[in-house]
Amino acid sequence: MNPEKSAPISRRERPAKPALTRQGIIDAALAILRDEGLGKVTMRRIAAALDTGPASLYVYVRNTGDLHAQILDSLLGPVKVPAPEAGTWRDRMKALLAGYGEVLFRHPEIARMAMSTQPSGPNYLALADAILGLLDEGGVSGREAAWAMDLLLLYPTAVAVEHSSPKSATREAEFSALAAKIATADPARHPHIARLGDTLVSGDGPGRSDWALDVILDGVLAAASRA
């Protein structure tokens, strides 16, 4: 036996591992998401990062869907409702939803996941409560407010998903091709497209989003007035 060869370190001699916690699991998941992408955020990969077994994680996380929901909830932490002096309830609603949309734009894989994952953590509940509070301030309550909240969250989520393709050059080429088709549309075959022409692809992202949210809110207010 080689005396210079190090003997195996027993478990008793190893430094104690930090206690496993829900937040520790989410922090490890976020680090993997940032460095390797959502596809690598698996129970096995997180367990390896935390030097534990995958089975240990299920004490804190039910399944992969629950893990994704908790990741989204953690990312929503910085999204806060603007102060009353920041503007009207409508202005503050738009700012709040813009903050939510920015989170999804910064994490495109999370945006796609958000379409099929329902978070229920403290940050999501705070966001939902803030939306309901602003709707109530605008005179919308009851069923109209409850259903409007889903619609208001769906719009920025869908926009983020639409722009979540990592191949921006491909998206630009596709948009250019569409714009060219619209510009040369046959008035006899597609009269309405030919009539509107460049208007169909006019405006920037923020401008169109602002208009869309106004349309949604106007519709919600109209529905509330009929209730």
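What counts, and at which threshold
- Per chain, the residues get numbers from 1 upward, laid out in the order the sequence is written.
- Reporting of local features is limited, given that this is a predicted model, to residues whose pLDDT is at least 70; pairs of side-chain atoms are given and counted only at 80 or more, and all residues count toward the totals for whole chains, interfaces and linings.
- Excluding hydrogens and water, the side-chain values take into account all heavy atoms of the structure.
- Only DSSP runs of H or I with at least four residues qualify as helices, and only runs of E with at least two residues qualify as strands; both kinds are numbered from the N terminus onward.
- Between buried and exposed lies partly exposed: a residue is buried under 20% and exposed over 50% of the maximum accessible area for its type, with that area taken using a 1.4 Å probe on protein chains only.
- Whether two residues touch is decided by their heavy atoms; if any such pair falls within 4.5 Å, the residues are in contact.
- Every definition here rests on a 1 Å grid over the protein atoms only: cavities are sets of points where a 1.4 Å probe fits but cannot get out, pockets are open sets enclosed by protein on both sides within 12 Å along at least five of seven lines, and lining residues have some atom within 4 Å of a point.
- Grid points are joined across faces, edges and corners, and a volume is the space filled by probe spheres set on the points.
- Each residue is assigned to one class: nonpolar for Ala, Val, Leu, Ile, Met, Phe, Trp, Tyr, Cys and Pro, charged for Asp, Glu, Lys and Arg, and polar for all the others, Gly among them.

1. Quick notes on the environment of leucine 67
Argument step 1. Position of leucine 67 among the secondary structure elements: in helix 4 (residues 64–75).
Argument step 2. Looking at leucine 67, the relative accessible area reads 0%, which means it is buried.
Argument step 3. The contact partners of leucine 67, leaving out residues within four places of it in the chain, are Ile25, Ile26, Ala29, Val41, Met43, Ile46 and Val61.

2. Section: the environment of lysine 40
Argument step 1. Structurally, lysine 40 is set in the loop between helix 1 (22–36) and helix 2 (43–49).
Argument step 2. For the pair formed by lysine 40 and alanine 29, sequence separation is 11 residues and the distance between their alpha carbons is 9.0 Å.
Argument step 3. If sequence neighbours within four positions are ignored, lysine 40 has contacts with Ile32 and Arg45.

3. Considerations on the layout of surface pockets
Argument step 1. Taken as a whole, the largest pocket holds about 860 Å³ of empty space.
Argument step 2. The wall of the largest pocket is formed by 28 residues, among which Phe105, Val159, His163, Gly205 and Ser209 lie closest to the centre.
Argument step 3. Taken together, the elements giving at least two residues each to the lining of the largest pocket come down to helix 5 (89–106), helix 8 (142–162), helix 9 (168–183) and helix 11 (205–226).
Argument step 4. When the residues that make up the lining of the largest pocket are grouped by side-chain class, the tally is 11 nonpolar, 8 polar and 9 charged.
Argument step 5. Here the second largest pocket is characterised by a volume of approximately 220 Å³.
Argument step 6. Considering the residues around the second largest pocket, the lining is formed by 13 residues, among which Tyr100, Ala114, Thr117, Gln118 and Tyr124 are closest to the centre.
Argument step 7. Among the elements that make up the lining of the second largest pocket, the one with the highest residue count is helix 8 (4 residues).

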